[in-house]
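# Fold and geometry: a report
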Amino acid sequence: MVSGEQQPHRPGALKQQNKQHKAGKHRRKRSLERENRGRVEAKLLSKKLRKDLKKLDRRHKASQLRRQRKDVVLLEKRSLGSKDGPPHLVVIVPLHAAIDAQKALTLIQGQDSIVIHQNEEVNGSFAMISPRFKQRWFFVQADGNFHTLLDLAKVADTLLFLMDPNEGWDSYGDYCLSCLFAQGLPSYVLAVQGIDSIPFKKRCDVKKTVGKTTEKRFPDAKIFSLDSVQDAALLLRQAATQKQRHLAFRDRRSYLMAQRADFLPIDSSGLVGTLKVAGYIRGQTLNVNSLVHIVGHGDFQMSQIDASEDPYPLNARGSRTHTKKGEDTEMKEEPIGGEMEEVKVLMKADPKEQEPLLTEVVPDPMEGEQTWPTEDELKEAEDSLKETKKVVRKVPKGTSDYQAAWILDDDEKSGSEEDTSDEDDDMEDAQEGSVMDEPLSEEDQGSEDEELEESEILTGAGSIRDEQYDDNADGEEDELLQKYKQQRSEEMFPDEVDSPRDQLVRVRYQKYRGLKSFRTSPWDPKENLPRDYARIFQFHDFSRTRKRIFQEIRADEAQGAMVGWYVTIHINRVPKSVIESYLNGGPLILSSLLPHEQKMSVVNMAVRRHPGNSEPLKSKEELIFHCGFRRFRASPLYSQHTTANKHKCERFLPSETTVVVTVYAPITFPPASVLLFKQRSNGMQDLMATGSLLSVDPDRILVKRIVLSGHPFKILKRTAVVRFMFFNREDVLWFKPVELRTKWGRRGHIKEALGTHGHMKCHFDGQLKSQDTVLMNLYKRVFPKWTYDPYVQEPVPWIRNENVVNVQEIEME
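Summary of the structure given here. It should be emphasised that the depicted structure is a prediction, and the values quoted were computed from it without experimental measurement. (Residues numbered from 1 in each chain as written. Predicted model: local features only at pLDDT ≥ 70, side-chain atom pairs only at ≥ 80, totals over all residues. Heavy atoms only, no water.)

### Section: the overall build of the chain
Along the backbone of the chain there are 19 helices and 31 strands. Across the 813 residues of the chain, 45% fall into the buried class. In the chain, of all internal contacts separated by at least 6 residues, the share reaching a separation of at least 24 is 78%. For the chain, the computed accessible surface area is about 47100 Å², with 49% contributed by carbon and sulfur atoms. (Helix = DSSP H or I, 4+ residues; strand = E, 2+ residues; numbered from the N terminus. Buried < 20%, exposed > 50% of the residue type's maximum accessible area, 1.4 Å probe, protein only. Contact = heavy atoms within 4.5 Å. Areas by Shrake-Rupley, 256 points an atom, 1.4 Å probe, with all protein chains shown as cover.)

Dropping the structure here:
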């Protein structure tokens, strides 16, 4: 307070508050409104503007909102399967080996007054039209290929699960349900086949058993019987009238399942051509200038969209047939083969507005370099060359000139080699930036070769089916046993490594640093980025871009083919393998891409280990990802799911907590489901983890931690002599600024080095116990490997009644 100034008096909290004089109480409300003329008190003006409604008005507004929601649901039900919407797509999924899917299809086709159109291009599919109920259906049967089941579930309107009356579903059926729930389950109907074959007295008990079995997966779900034509009619009525369940990753994109496909080569080799795909638009409006993703084959551009004639009209004059009860249903064959008819062109792609197929940034090696030197700089450089040349050597940071003179040229040459990729865990620490004081002995060289061979076995994922199982069974068990031992060692001693005795610790771990606090210490996210970061795209604000794109989708600003139209899409430069896969019986599914979704970036996914799989899964081990409509291979990194600005890496996928998986992958806007599979040597795939897409953020800092341990040798109150953490004096002096901690919660620091064998005097904040262990934490930022592969091999057909979920347990000593 400045002397001489008088501060104004401010009343305290205990000042007496008198009631205000209530003037004008006798005046009427009309006279008060006439005087105020709409004036509002200053306190009300400062608050957020809101409209105070009366009780009756609030009721009326709530009623209007309920009516609007009800109208939206009714409109969705009525448009699906009607003449203005796409046919109701039903995928039949048998959950037990004893299920006869063909018998169920025969009962469904036995309805009254229907028209059946067989589609031979899609295996096990047919269209069913009921002019009486004004409904169109398209039924597809999911075969034994696991990818086919997941792909069909992404576009299905209803899943028809067929169960066995005795067991409900087998092991493979339970595995399919786990994957479908993790991917996102659309509307479904449960049907039991074979109730009529059970004696009448036992049917009630069988129904109760099936109800208890399905209650775990489908609580409050109604179970239908499918043994007669009447049962099939009730089942279809339930599928047509039930509320549709939405999947977020497909509702914001337009998608299509091909009804027909044709391939026109563009060159003499016939390997690349134009693919014509005909089908019904679903989800959102399809714009010809956007990109399209063919599930399992990649991203492509469209050239034009044609309006084709609907092959399954609801009220066609020439194809309407009425059949009486007991008569045979009319079967109409669709013409297959040959080119499609000439139709009206709806849209053609505009090269100026069309999304490019740019997936990576082409890095410029000269970017960031200096401009051409001036004459003065050139003259200065010539003068410096005339002087005595100085030998430039690469030495560890902080080395003096005297110490650098003792470093041999061979060591410098070996130390200057940069590692192009980080190895897993301890093998990475042993190889990156290592400078050996002495050449390795034959035993050490042999052990190093064994470790390298072992690392190749661990990181390489077999994609060829193993026909000689007995010959390789022992090797696979030894490898799995080694992983179990490594995982148990990591759980008991997390991140602890042994200090090397044959080289300097400060050289072996020269890329690591100490942090005062892992939570609060700063770390620049743009520091020492790898070369792969020059190839990816990054948003200034990812959440803001995602919000803007979704607002444009809700506003229906896109122009193109509307939902429910039957169109023919011309896709440019498609490999011949796409049409070959379609002709072999695989479904052809298309999905539009939102802006920027073809570009590569760093994708983070929050996943949790599947409870049915306990096999150890190491970091950077190749996995198969199902992210939304995409399917690809990658080698992920695991990190803790926290809200901090730095995230500690995990060497193994934990079993009870949620972790973040980081890979190089195309940009995808969340929400989107994520499934992680590991391929066996025999070609089958095991579900390892499930989750959802978290963000696209290359600035997420993943920090790997190593812990150097030492043991107290002599203890005197708060001071102790620690050994076995280092084995030479230079390492003690180098790591002197790094803080120490103990397993029992003590904090301390290095005071001085004792002798030449790595003993050091340390000071702690309390009395140290003789059985305590002294630890030093070192940190290094890590980046994922660029192992993205969009082409995933189809899994082998699954064998029923095989335990595909649980891995064989191996007893460990």
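### Some points on a nonpolar patch on the surface
A cluster of nonpolar residues, Leu346, Met562 and Trp565, forms a patch on the protein surface that exposes about 260 Å² of accessible area. Along the chain, the position of Met562 falls in the loop between α17 (542-554) and β16 (566-575). (Patch = residues over 30% accessible without salt bridge, like charges linked within 9 Å, V, L, I, M, F, W, Y side chains within 5 Å. Salt bridge = Lys/Arg side-chain N within 4 Å of Asp/Glu carboxyl O.)

### A word on the pairing of strand β27 (residues 719-723)
Taken together, the 5 bridges between strand β26 (residues 701-716) and β27 define a ladder with antiparallel strand orientation. The partner of Pro712 across the bridge, within β27, is Val722. Between β26 and β27, which pair antiparallel in sequence order, lie 2 residues; one of them, Lys717, sits at a positive phi of approximately 55°. (Pairing = 2+ DSSP bridges.)

### A look at the pairing of strand β2 (residues 115-119)
Of all 5 residues making up β2, 5 are buried, and the element is well covered by its neighbours. Burial along β2 is two-sided: the face carrying Val115, His117 and Asn119 and the face carrying Ile116 and Gln118 are both buried. Inspection of the sheet shows β2 paired to strand β3 (residues 125-130) by 5 bridges, in the antiparallel sense. Opposite Asn119, over in β3, you have Ser125 as the bridge partner. Here β2 hands over to β3 after 5 residues, with Gly124 in that stretch at a positive phi of 65°.

### Points about the packing of aromatic side chains
In this description, an aromatic ring pair is defined by two values, namely the gap between the centres and the angle between the planes. In the structure shown here, the tally under the stated rule is 24 aromatic pairs. With 6.0 Å between their ring centres and 35° between their planes, Phe138 and Tyr312 make a pair best called tilted. Within this pair, whereas Phe138 is found in strand β4 (residues 135-141), its partner Tyr312 is found in the loop between β12 (298-307) and β13 (331-333), the two being separated by 174 residues in sequence. The pair formed by Phe138 and Tyr312 is uniform in burial state, with each residue classed as buried. On the basis of an interplanar angle of 45° and a centroid distance of 5.8 Å, the ring pair of Phe161 and Phe218 is categorised as tilted. One end of the pair, Phe161, is in strand β5 (residues 158-163); the other, Phe218, is in the loop between α7 (203-215) and β7 (223-225), with 57 residues separating them in the sequence. With respect to class, Phe161 is no different from Phe218; both count as buried. The rings of Phe161, Trp169, Phe181, Tyr188 and Phe218 are connected pair by pair, giving a single aromatic cluster. Directly above the ring of Phe550 sits Arg252, whose terminal nitrogen or CZ lies 4.3 Å from the centroid. (Phe/Tyr/Trp six-rings, centres within 6.5 Å; stacked < 30°, edge-to-face > 60°. Lys NZ or Arg CZ within 6 Å of the ring centre and 35° of its normal.)

### As for a negative patch on the surface
Together, Glu375, Asp376, Glu377, Glu380, Glu382 and Asp383 line one region of the surface with negative charge. Tracing the backbone through its elements, the reader meets Asp383 in helix α10 (residues 375-386). (Lys, Arg positive; Asp, Glu negative; His and termini not counted. Charge placed at Lys NZ, Arg CZ, Asp CG, Glu CD.)

### Quick word on helix α5 (residues 146-155)
Of all 10 residues in α5, 10 are buried; the element is thus mostly enclosed. All of the buried residues in α5 are Phe146, His147, Thr148, Leu149, Leu150, Asp151, Leu152, Ala153, Lys154 and Val155.

### Overview of α7
For α7, with 13 residues, the first-to-last C-alpha span of 18 Å sits near the 18 Å given by 1.5 Å per residue. Considered for burial, the residues of α7 that qualify are Val206, Val210 and Thr214. Seen from one end, α7 has its buried residues packed into an arc of 65°, which puts them on one side. Those residues of α7 that are exposed and angled more than 90 degrees off the buried face are Lys208, Lys212 and Glu215. Considering only its buried residues, α7 is in contact with β5, β6 (187-192) and β7. (Expected span 1.5 Å × (residues − 1). Arc of directions from axis to C-beta.)

### Brief notes about unusual backbone geometry
Only a minority of non-glycine residues have a phi that is not negative, and only a minority of peptide bonds are not trans. That bond from Pro670 to Pro671 is cis: its omega, 5°, falls within 30 degrees of zero. Structurally, Pro671 can be placed in the loop between β23 (658-666) and β24 (673-679). Phi at Lys620 is positive, roughly 65°, even though this residue is not glycine. Its location among the elements puts Lys620 in the loop between β18 (600-609) and β19 (623-627). For Lys620, a relative accessible area of 7% translates into the label buried. Here the phi dihedral of Phe724 falls at roughly 70°; this positive angle occurs in a residue that is not glycine.

### Examining the nonpolar core
If you look at the biggest cluster of nonpolar residues, it comprises 110 residues, and the most contacted ones within it are Leu159, Phe161, Leu275, Ile571 and Leu588. The element best represented in this core is helix α6 (residues 171-183), accounting for 7 residues. Those residues in contact with Leu275 that sit more than four places away from it in its chain are Asp262, Phe263, Ile294, Ile569, His570, Ile571, Val574, Val578, Ile579 and Leu588. Counting residues in each nonpolar core, the second largest holds 24 residues, with Ile108, Phe139, Leu235 and Ala239 among its members. (Core = buried A, V, L, I, M, F, W, Y, C linked by side-chain atoms within 4.5 Å.)

### Describing a positive patch on the surface
Judged by side-chain charge, Arg28, Arg30, Arg34 and Arg37 come together as a positively charged surface patch. Secondary-structure assignment places Arg34 in helix α1 (residues 29-36).

### Brief notes about the pattern of salt bridges
Taken as a whole and assessed by the stated rule, the structure comprises 18 salt bridges. Across the salt bridge formed by Lys743 and Glu496, the nearest N and O atoms sit 3.1 Å from each other. One end of the pair, Lys743, is in the loop between β28 (740-742) and β29 (747-754); the other, Glu496, is in strand β15 (residues 496-497), and 247 residues separate them in sequence. The class of Lys743 is partly exposed, set by a relative accessible area of 42%. When the shortest N-O distance is used, the salt bridge between Lys678 and Glu621 registers 3.1 Å. With Lys678 in strand β24 and Glu621 in the loop between β18 and β19, this pair connects stretches of sequence that are 57 residues apart. Glu621 sits in the buried class, given a relative accessible area of 6%.

### Digging into the packing of α5 against α6
Here α5 crosses α6 at 40°, and the two axes come no closer than 11 Å. The angle between the axes of α5 and α6 places the two elements in the oblique class. Considering the relative orientation of α5 and α6, their crossing is right-handed. Here α5 contributes Phe146, Leu149, Leu150, Ala153 and Lys154 to the contact with α6, which in turn contributes Tyr172, Tyr175, Cys176, Cys179, Leu180 and Gln183. Taken together, the residues of the contact of α5 with α6 sort by class into 9 nonpolar, 1 polar and 1 charged. (Axes fitted to C-alpha atoms, helices over the stretch in contact; angles between N-to-C directions. Parallel < 35°, antiparallel > 145°, perpendicular 65-115°, else oblique. Left-handed = near helix turned anticlockwise from the far one by under 90°. Nonpolar A, V, L, I, M, F, W, Y, C, P; charged D, E, K, R; others polar.)

### A short note on the side chain of Ser709
Note that Ser709 resides in strand β26. Contacts of Ser709, omitting those with residues within four sequence positions, involve Glu496, Phe724, Met725, Thr773, Val774 and Leu775.

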